[in-house]
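Chain residues, written in single-letter form:
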Amino acid sequence: MTPVRAVKRKKLPSDTSSSEEDKPLSSSPAKPRRRARTNGARAINGKKKSVETDDDDDDAPITKSKRATTTYGKAASKPAKKKVKQEEDADYPPGSESDKNPITKKAPRRVKRKLKSDGDDNGESSSDDEKPITKAKKAPTKRVRKEKASSAASTRKPNGKVKSEEPEPSPKRGKKKKEGEEDVFRWWEQDPNGDGTVKWQTLEHNGVYFPPPYEPLPRHVKMRYNGKTLDLPLESEEVAGFYAAMLETEHAKDATFNKNFFSDWIKVLKKHPPRDGTKVTEFNLCDFRPMYEFFEEEKARKKSMTAAEKKEAKATKDALEAPYTHCVLDARKEKVGNFRVEPPGLFRGRGDHPKKGALKLRVRPEDITINIGEGVPIPKPNVPGQWKEVMHDNTVTWLATWTENVNGNHKYVFLAAGSSIKGQSDMQKFEKARELKQFVDRIRQDYNVDLKSKVMADRQRATAMYFIDRLALRAGNEKGEDEADTVGCCSLRCEHVTLLPPNQLVFDFLGKDSIRYYNQVTVEDQVFKNIRIFKDGKDDNDGLFDRVNTSSLNKHLASYMKGLTAKVFRTYNASITFQQQLDQGISDKKTVQEKLNAYNHANRMVAILCNHQRAVPKTHEQSMGKMKDKLRGMKYERMKLRHAMFAIDSKYKKKAKYAQDESDLDDDAIAEHEEQAKAKELERVEKKFAKDNEKLVEEGKQPQDESVLKTKRKEVEDEFKILKKERGTGKAVLKRDRPLEKIEEAIEKLDEKVKTFKLQMEDREAGKEVALGTSKINYLDPRITAAWCKTHGVPIEKIFSKTLLTKFPWAMEVESDWKF
């Protein structure tokens, strides 16, 4: 291989700094590193090859890197075992994202070590494919519930030895199990299988659910070309319909999207040309409007379906999908995650993706490999065809896999987020990040020393580590020409970082999902000098860190701690920042909403650190408008209560608490509110009338006459006429008589309600440009939230959705003093 030419560097002005660190560094020691990088980053034929999957986000389904998947599919389980060696050589964290790295060779037996728990009741979590961690001793109340004797695996330890018989412990005390509720497998209380090899003993499932075949449009619905109707065969009509359905979206206004769609549609038209012989050559002559209008009519029809019709349609759909929603893993019923095969359509991509608009082909059974236990019935696809391959690999956790045609990415079907396997993976990920606390001081000390290293590769690596640690940047991968131009730390170009003397840097680049990262930061003087040296003599398009790649960086990190990668740093910094923000303290005298605002503020700090930005939602203004209307309604209700109080006893007018009128509630606002309230009440009456009639018909009874609705409408009209007469009089009559004490009570409750609601509005406005969900799902150890909620008496349901509570059951049992 031709040695890499050293980059010529301009001589730095002598007055910039007298320190030796400013001098161009000797490049000779770095040559072997450069060659190693070139070999690792490129295939022998010179084509670019991805070497690291660190840029993948945790919330996406776990996928294999290009490196790991190039040999996939050649054989059954044997090739999969061969891949592991390649992934380990590439310095992937052993066991992190274990679904991604099937390990077939049993790890050598190691001495068990006890993980420092810091008050964690769940200290039994094992780090990713590390030596098994001994389970922390627990009080007698934390006894393990034995699983019903349904699997041979449940009676064996990870080393294969049979456990001694023990009396079955009584289940944990607590909430009584509701009727019909399934038993929860408390995997976090069992001996963890931390050897990183066998993931299951038995696995049975029904495959995946394919979308129904294409239904042709009615004969009168035809697109037009050059003003004439176009008679298309089904295959071509289906693809045209994909575009027609998106006609009024932003995608259809995008030149790249249109170009890619038309290019792929022309290929389909060559195989399935119009029946009338029309030659389609110009995109501008295509008129998809008739198809679009038909689709809109169908949407409106479905929207106008009665409740009974919608219920029936849902029941039919659920019945078709029911066999695919669960599998049986080691004799336990577990929920499957993404069991539906994505239907064909047009690829939308994220950001400025060069392939947006490309045709996503229909996936057929012949494209799919399924993984299932030996000796169990092979499922039959719900559409005609045979599986591409059937595997019996118990070292991986996916149930099915295929390759999509647009980007060549591997798609997987995994168990649902709340399953035992996914839960173990999550717990191990956060334990790995938590373990980093023991090493982070030494790592920081070392990279701060290397910031002045005489070896260019070491200095670049130290600077990259500084950015990854301080700014929580993703490591970054090499990208192909057909991929979106997104970068991370190691793939930054000179154009992405601007120097602002004396010690500020401006970062401006597209990160993951084409989200812009813009940050002006003050850095240490040495880091500023290093960036100036790295940029010297280079063009804007040259790599800033030309002697560092993700693989070499992760290899260096792994020398400190097994399984440590740049990705672990991101999780660690997010969780530790979150813990520190929450530890700043909030008075227990505060209301629940004030505590929630403090929690969301801490979450926002993490989201900003991790660049979890979002565009302001299109519905934000509308949503805030509705909240303002709701707030006005509360104030209106308070005003009516005050006026009713004055009518009963006029002395209340002199009390300061009740004397002042409600803010933002003038005569016009009152009139507008009453008109809106009247319209809503009339709509409610009509809906109830229709629903009641529907129910009567179902029961075989005679529906109500229209006169009943007319009477109810008149009652509403009369009620609001009275309210109109009361405007400006300062008097009010309540619908039902209430004593003064009850009215005072109601006003106090409204005051609290208004205060809480204003806090909610402030919180929503503050978070309009920040996505809080990503960090909550992927980067924040859920035990931090569980412990904080217990400490401050906040119901965790106000923070974690039902989905997250299902995803993190293991985190809910920590003590209130647990710390990350």
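Residues numbered from 1 in each chain as written. Predicted model: local features only at pLDDT ≥ 70, side-chain atom pairs only at ≥ 80, totals over all residues. Heavy atoms only, no water.

An unreviewed UniProt entry annotates the protein chain as DNA topoisomerase I of Laetiporus sulphureus 93-53. For the protein chain, the Catalytic activity (unreviewed entry) comment in UniProt is given as "ATP-independent breakage of single-stranded DNA, followed by passage and rejoining." The annotation that UniProt attaches to the protein chain under Sequence similarities (unreviewed entry) is "Belongs to the type IB topoisomerase family." (UniProt positions renumbered as here; feature names shortened; annotations may be inferred.)

*Asks:* I'd love a proper account of the overall build of the protein chain, names of residues and values included.
*Replies:* Looking only at helices and strands, one finds 22 helices and 17 strands in the protein chain. Accessible area for the protein chain stands at about 44,700 Å²; split by element, carbon and sulfur atoms hold 50% of it. (Helix = DSSP H or I, 4+ residues; strand = E, 2+ residues; numbered from the N terminus. Areas by Shrake-Rupley, 256 points an atom, 1.4 Å probe, with all protein chains shown as cover.)

*Asks:* Before we move on, can you summarise the pattern of salt bridges with the specific residues and values?
*Replies:* Summed over all chains, the structure comprises 50 salt bridges. A salt bridge links E435 to K432; the nearest nitrogen and oxygen atoms lie 4.0 Å apart. Note that E435 and K432 are positioned in helix α8 (residues 420-435) at a spacing of three residues, about one turn of the helix. Take E435 and K432: they sit in the same class, and that class is buried. Its salt-bridge partner being K768, residue E765 comes within 2.7 Å of it at the nearest N-O pair. When its relative accessible area of 32% is taken as the criterion, E765 is described as partly exposed. According to the relative accessible area criterion, K768 is partly exposed, its value standing at 23%. A single network of salt bridges, built from pairs that share partners, joins R638, R642, D661, E662 and D751. (Salt bridge = Lys/Arg side-chain N within 4 Å of Asp/Glu carboxyl O. Buried < 20%, exposed > 50% of the residue type's maximum accessible area, 1.4 Å probe, protein only.)

*Asks:* Please set out the side chain of N573 residue by residue, giving values where relevant.
*Replies:* Mapped onto the fold, N573 is located in helix α13 (residues 566-582). Beyond its immediate stretch of four places on either side in the chain, N573 contacts R444, I468, D469 and L609. (Contact = heavy atoms within 4.5 Å.)

*Asks:* An account of the packing of aromatic side chains is needed here, citing residue identities and associated values.
*Replies:* A full pass over the atoms with the stated rule returns 29 aromatic pairs. Centroid distance F261 to F288: 6.0 Å. Interplanar angle 65°. Geometry classified as edge-to-face. Here F261, found in helix α5 (residues 255-271), pairs with F288, found in the loop between β6 (286-287) and α6 (289-303); they are 27 residues apart in sequence, far enough to count as distant. Overall, F261 belongs to the buried group, its relative accessible area being 1%. Judged by centre distance (5.9 Å) and plane angle (65°), the ring pair of Y652 and Y658 falls under edge-to-face. You can call Y652 buried: its relative accessible area is 6%. (Phe/Tyr/Trp six-rings, centres within 6.5 Å; stacked < 30°, edge-to-face > 60°.)

*Asks:* Hey, could you go over the sheet that holds strand β3 (residues 203-204) for me, with residue numbers and the actual values?
*Replies:* Hydrogen bonding along the main chain pairs the strands of a sheet, whether they run parallel or antiparallel. Spatially, β3-β7-β8 is the arrangement adopted by the three strands of the open sheet, whose pairing is antiparallel. Edge positions in the sheet fall to β3 and β8 (332-335), since each has one partner strand and no second. Across two bridges, β3 lies against strand β7 (residues 326-329) in antiparallel orientation. When the sheet's bridge partners are listed, E204 is paired in β7 with V328. (Pairing = 2+ DSSP bridges.)

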